[in-house]
Amino acid sequence: MASDLTGALFRIALLDEHKKRVNGYPDIGNDALLRAIVVADKTVGWLAVTPFQSVTEAGGERFQQYQLRTSLVMGAFSLLLAMLIAWWIARTLLEPVKRWRREFMADVSHELRTPLSVLRGELEAIEDGVRTLNQGSMKSLQGEVSMLSKLVDDLYELSLADVGALTYRKSACRLDQLLQASVSMFQERLNDRHLRVELELPSQPLELLADASRLQQLFSNLLENAVRYTDPNGLIRIRAVVDRANVCIDFIDSGPGVSAEQLPRLFERFYRGESSRNRASGGAGLGLAICHNIALAHGGSLSAAHSPLGGLWLTLRLPRDI
């Protein structure tokens, strides 16, 4: 069979006697060459041959249309696939954030509701004459207001830390003096709970470039945690050790301790070591989170471990040269 290199077979169309296409090439233009099909001296049809250039142009147009349709289909498919991937990623990444936000709001609501409920109950009792406004009731009201104020202040400080707006003014300071001052401020509460403090400091001054007020806040929060969670007649050991690069300060207390599962969560906001939410045994669970932020802001770290005394061992590491 001979090869049709001209592509003529693809350019021929069969027409009837009225020049209507019956079969063959569909795009018959005015430039097509017509040849009559005569049977018994009668024209029964026509053969139309379209010039090769017109066929090529038509093929190119069809190819262009095919490419356009293919591009539209692939574009729509790619867009749909991108939307599905974006939806899956958004759901996967945002779901923990939403869950954390719900838990955070629930914790904040709980912590705010409790002192507000106590304040309202106390005020209603005084208003109804059930309780007299004396020094005892005033002290109780002041205690609830102080707890509420501290919670609001802690939340505000953590929110500033989250957006990087918490200011630090670093200068040369003495860590040994800050530790001694912190212990002195807690001495009355330590005596009330019959807790003994062992403060072990090196003979040489512990000088460091840091924000003294923030470190004082950190030490106070660590002592607050130790006082709240150490059983009466217990021991709190504060020890400072210096090496070439860091200053390590240990806060070690006696029982009760925490489980191994609880250790990694101690620096989470609103987390408490005990399973209940009894406010008599703990605060709002923000103190250690604030301590952790202060340590990080100084280029250091704060870690937790089991205490050899049966309680908790918190280790603060601060670089000597910041």
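Below is a short write-up of the structure. Model, not experiment: these values are computed from the prediction.

Our focus in this paragraph is the pairing of strand β11 (residues 310-319). Most of β11 is tucked away, with seven of its 10 residues classed as buried. Two elements, strand β9 (residues 246-254) and β11, share eight bridges in a ladder whose sense is antiparallel. Paired with N246 across the strands is P319, a residue of β11. Bridge count between strand β10 (residues 301-306) and β11: six bridges; the pairing is antiparallel. Looking at the pairing, A305 lines up with W313 of β11. Here β10 folds back onto β11, and the loop between the two strands holds three residues.

Turning next to unusual backbone geometry. The omega torsion of the bond from G255 to P256 falls at 5°, within 30 degrees of zero and hence cis. Its location among the elements puts P256 in the loop between β9 and α6 (287-297). Backbone geometry places A40, a non-glycine residue, at a positive phi of 55°. Looking at the element boundaries, A40 is found in the loop between β3 (33-39) and β4 (42-49). A residue is classified by how much of its surface remains accessible, and A40, at 73% relative accessible area, is exposed.

On inspection of all chains with the given rule, the structure shows 10 salt bridges. One salt bridge in this structure joins R131 and E122, with 2.4 Å as the shortest N-O distance. According to the relative accessible area criterion, R131 is partly exposed, its value standing at 31%. Its relative accessible area of 11% is what places E122 among the buried residues. E200 is the salt-bridge partner of R237, the closest N and O atoms lying 3.9 Å from each other. With R237 in strand β8 (residues 235-242) and E200 in strand β6 (residues 196-200), this pair connects stretches of sequence that are 37 residues apart.

Now for the nonpolar core. Grouped together as the largest cluster of nonpolar side chains are 46 residues, with contacts concentrated most on L175, L215, F219, I249 and F251. Elements with a minimum of two residues in this core: α2 (135-162), α3 (175-185), β7 (207-210), α5 (212-229), β8, β9, α6 and β11. Among the elements that line this core, the one with the most residues is α5, at seven residues. Contact partners of F251, with chain neighbours within four places excluded, come to L179, F219, L222, L223, R237, I238, L312, W313 and L314. Counting six residues, the second-largest nonpolar core is a separate cluster that includes A13, L15, W46 and A48.

Further remarks concern a nonpolar patch on the surface. On the surface, M74, F77, L81, I85, W87, W88, I89, L93 and L94 cluster together into a nonpolar patch covering about 960 Å² of accessible area. Note that L94 resides in helix α1 (residues 52-127). Of the residues examined, L94 reaches a relative accessible area of 43% and is grouped as partly exposed.

As a further point, take the sheet that holds β9. In spatial order, the strands read β6-β8-β9-β11-β10; together these five strands make up an open sheet with mixed pairing. Since the sheet does not close on itself, it has two edges, and those belong to β6 and β10, each with one partner. Across the sheet, the axes of successive neighbouring strands diverge by a mean angle of 15°, strand direction being ignored. When β8 meets β9, the two strands line up antiparallel, connected through seven bridges. Bridged to R239 within β9 is D250. Those strands touched by α6 are β10 and β11, and its axis lies near 135° from that of β10.

Conventions we followed
Numbering of residues starts from 1 in each chain and follows the order in which that chain's sequence is written. Local features are withheld for residues below a pLDDT of 70 in this predicted model, meaning they are given only at 70 or higher, and side-chain atom pairs are given and counted only at 80 or more; totals for whole chains, interfaces and linings count all residues. The side-chain figures draw on all heavy atoms in the structure; neither hydrogens nor water molecules are used. Relative accessibility decides the category of a residue: with a 1.4 Å probe and only protein chains considered, values under 20% of the type maximum give buried, values over 50% give exposed, and everything between is partly exposed. What counts as a helix is a DSSP run of H or I of at least four residues, what counts as a strand is a run of E of at least two, and both are numbered from the N terminus. Should DSSP find at least two bridges between two strands, the strands are taken to pair. Counted as salt bridges are all cases of a side-chain nitrogen of Lys or Arg within 4 Å of a carboxyl oxygen of Asp or Glu. Here, nonpolar core means buried Ala, Val, Leu, Ile, Met, Phe, Trp, Tyr and Cys residues that are tied together by side-chain atoms lying within 4.5 Å of each other. Note on definitions: a residue-residue contact is assigned when non-hydrogen atoms from the two residues lie within 4.5 Å. Like-charged residues are merged into a patch within 9 Å and nonpolar side chains (Val, Leu, Ile, Met, Phe, Trp, Tyr) within 5 Å, provided each residue has over 30% relative accessible area and no salt bridge. In short, Shrake-Rupley with a 1.4 Å probe defines the accessible areas, and a residue's cover is counted only from the protein chains shown. Geometry is summarised by axes, namely lines fitted to C-alpha atoms with helices restricted to the contacting stretch, and by angles between N-to-C directions that run from 0 to 180 degrees.

Shape is all these values report; function is a separate question.
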